[in-house]
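# Architecture at a glance
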Amino acid sequence: MLIGDVARRSGVSARMLRHYDSLGLVRPTGRTRAGYREYSGEDIRRIFHIESLRSLGLSLREVGRALDDPGFRPAELVDDLIRQTRERIAAETALLTRLRRLDAAEPAGWEEALQIVALLQALASESAGHRQRAALSSAAEVAVPVEALVEAVLSETDPNVAGALRWALARSDADASALLAQGLDAPEAAVRERAVQALAEIPGAGSTALLRDALVGSDLVVRRHAALALGARGVAAAVPTLVDMAVEGVNDVDAADTLGVLAARPALADRIAGALVDRLAHGRPGPAARRRLTQALADIPGSTASRALTGLTEDEDRAVALTATYILTLRDAR
């Protein structure tokens, strides 16, 4: 069969068949009387073998080795091809993500587009300083797509960079709450914590609703962050968790301060005082916990808190008694 016929039937161009010939991959075994190259049935089968191997991503050199080396074992090469393919897919996926984010930003011109690309690259930098500057620039200069900021804030381990990213996210024109909600359901505890910390800094009803959901979730760390944020927003549902934090000594100062903010509302003051008193009377807290509960009562107005503090002036723990006495002295001086 002549080269033109082979090209038509195999789908491999005559130019590529000549290239195979020059590389020694497949050489016509016959010649016509006129001297033209003539392919045998075996030659054509070899062409189809070559094309099959090329479809797996093998180079022509690897194809030649696979077909001509009797000791060739495909397993190692196939493993290498799998690795290369995964790397290529990851690179292409990252490129597609950057392009989509650039498209979502709707840059007015190439200068703005290049600034956005530079910020996206800086957010993915190995340098914490570069990432932090990119976060700050995203809020001050060019708006980085909110998806990129959310991805960065959920993966950031450096506390300074994370703070800058949360600041930028809170000032973004786009609502990031729905994207951060996905982080609350992440399998990694660290990601869930980063998500609730970011939500705590985003104002609005959307983030408040998600924080309310987080307050009753199974992740204790997330619940505590949600309680602090909700308490600062005046949500009474945070009170039980905040009281638990005061008892357990976890961010107890922040918890006590937040309870004090909530207690500024007359309708909540006695409720909060009652919750603290109940833990003192029935929770059997140890001396350290009793001191923390006493300190938490300091900023709670009303008669319920005052009566509890009066009783604590006679507490068997001298530190508790002295703290309660001092707090009452300050309250009487107001």
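All chains use their own residue numbering, which begins from 1 and follows the written sequence. A pLDDT threshold of at least 70 governs which residues receive local features in this predicted model, and a stricter bar of 80 or more applies before side-chain atom pairs are shown or counted, although totals over entire chains, interfaces and linings include all residues. With hydrogens and water stripped out, all remaining heavy atoms of the structure feed into the side-chain values.

Moving on, we get to the environment of Leu228. Helix numbers and strand numbers start at the N terminus; a helix is a DSSP run of H or I with at least 4 residues, a strand a run of E with at least 2. Turning to its location among the elements, Leu228 is positioned in helix H13 (residues 220-232). Sequence spacing of Leu228 and Ala200 is 28 residues, and the spatial spacing of their C-alpha atoms is 8.4 Å.

Tracing the backbone through its elements, the reader meets Ala195 in helix H11 (residues 189-200). Separated by 94 residues in the primary sequence, Ala195 and Ala289 place their C-alpha atoms 30 Å from one another. Not counting the four nearest positions on each side in its chain, Ala195 is found in contact with Leu154, Leu180, Gly183 and Leu184. Should any heavy atoms of two residues lie within 4.5 Å, those residues are counted as being in contact.

This part takes up helix H18 (residues 303-312). Buried means the residue's accessible area, taken with a 1.4 Å probe over protein chains only, is under 20% of the maximum for its type, while exposed means over 50%, and partly exposed covers the values in between. When we look at burial in H18, the residues that qualify are Thr304, Ala305, Ala308, Leu309 and Leu312. Angular distribution of buried residues about the axis of H18 spans 130 degrees; they occupy a single face of the element. Throughout, the arc means that of the directions going from the helix axis to the C-beta atoms.

Turning our eyes to something else, we now look at the nonpolar core. For this analysis, a nonpolar core means a set of buried residues of the types Ala, Val, Leu, Ile, Met, Phe, Trp, Tyr and Cys, connected via side-chain atoms within 4.5 Å. Ranked by size, the top nonpolar core spans 76 residues in total, and within it Leu169, Leu180, Leu242, Ile272 and Leu276 carry the most contacts. Per-element accounting of this core gives the leading share, 7 residues, to helix H8 (residues 146-155). Once residues within four sequence positions are removed from consideration, Leu276 is found in contact with Val243, Leu259, Leu293, Ala296, Leu297 and Ile300. In terms of nonpolar packing, the next biggest core, distinct from the first, is built from 19 residues, Val63, Ala66, Leu77 and Leu81 among them.

Salt bridge, as used here: a side-chain nitrogen of Lys or Arg that lies within 4 Å of a carboxyl oxygen of Asp or Glu. Taken as a whole and judged by the stated rule, the model has 14 salt bridges. For the salt bridge of Arg45 with Glu42, the shortest nitrogen-to-oxygen distance reads 2.5 Å. Residue Arg45 and its partner Glu42 are located together in helix H3 (residues 41-55), separated by 3 residues, close to a single helical turn. Classification of Glu42 as partly exposed rests on a relative accessible area of 46%. A salt bridge links Glu51 to Arg54, with the shortest nitrogen-to-oxygen separation between them at 3.7 Å. Linking Glu51 with Arg54, this pair stays in helix H3, spanning 3 residues, or about one helical turn. Owing to a relative accessible area of 26%, Glu51 belongs among the partly exposed residues under this scheme. It is possible to trace a salt-bridge network through shared partners that takes in Asp80, Arg83 and Glu87.

Moving on: unusual backbone geometry. Non-glycine residue Asn251 carries a positive phi angle of around 50 degrees. Mapped onto the elements of the fold, Asn251 is located in the loop between helix H14 (239-248) and helix H15 (252-262). Among the residues examined, Asn251 registers a relative accessible area of 41% and is labelled partly exposed.

It is worth spelling out the packing of helix H10 (residues 177-184) against helix H12 (residues 205-215) at this point. Angles here are taken between N-to-C directions and fall from 0 to 180 degrees, while the axes themselves are lines fitted to C-alpha atoms, restricted in helices to the stretch in contact. Across the interface, H10 lies against H12 with an axial gap of 10 Å and an inter-helix angle of 15 degrees. Classified by the interaxial angle, the pair formed by H10 and H12 is roughly parallel. The crossing of H10 and H12 is right-handed. Residue-level contacts link Ser177, Ala181 and Leu184 of H10 to Gly206, Ser207 and Leu210 of H12. Should an angle lie under 35 degrees it is considered roughly parallel, over 145 roughly antiparallel, and from 65 to 115 roughly perpendicular; all remaining angles are considered oblique. Each crossing is labelled by how the near helix is turned from the far one, with a counterclockwise turn of less than a right angle marking it left-handed and a clockwise turn marking it right-handed.

Take Ala269: it is sitting in helix H16 (residues 266-282). Leaving out residues up to four positions away in the same chain, Ala269 has contacts with Ala263, Ile300 and Pro301.

Moving on: the packing of H8 against H10. Here H8 crosses H10 at 30 degrees, and the two axes come no closer than 10 Å. When the axis of H8 is compared with that of H10, the two are roughly parallel. Classified by chirality, the crossing of H10 by H8 is right-handed. Contacts between H8 and H10 pair Val146, Glu147, Val150, Val153 and Leu154 from the former with Leu179, Leu180 and Gly183 from the latter. Any residue that is not Ala, Val, Leu, Ile, Met, Phe, Trp, Tyr, Cys, Pro, Asp, Glu, Lys or Arg is counted as polar, Gly included; the first ten are nonpolar and the last four charged. Tallied by class, residues from the contact of H8 with H10 come to 6 nonpolar, 1 polar and 1 charged.

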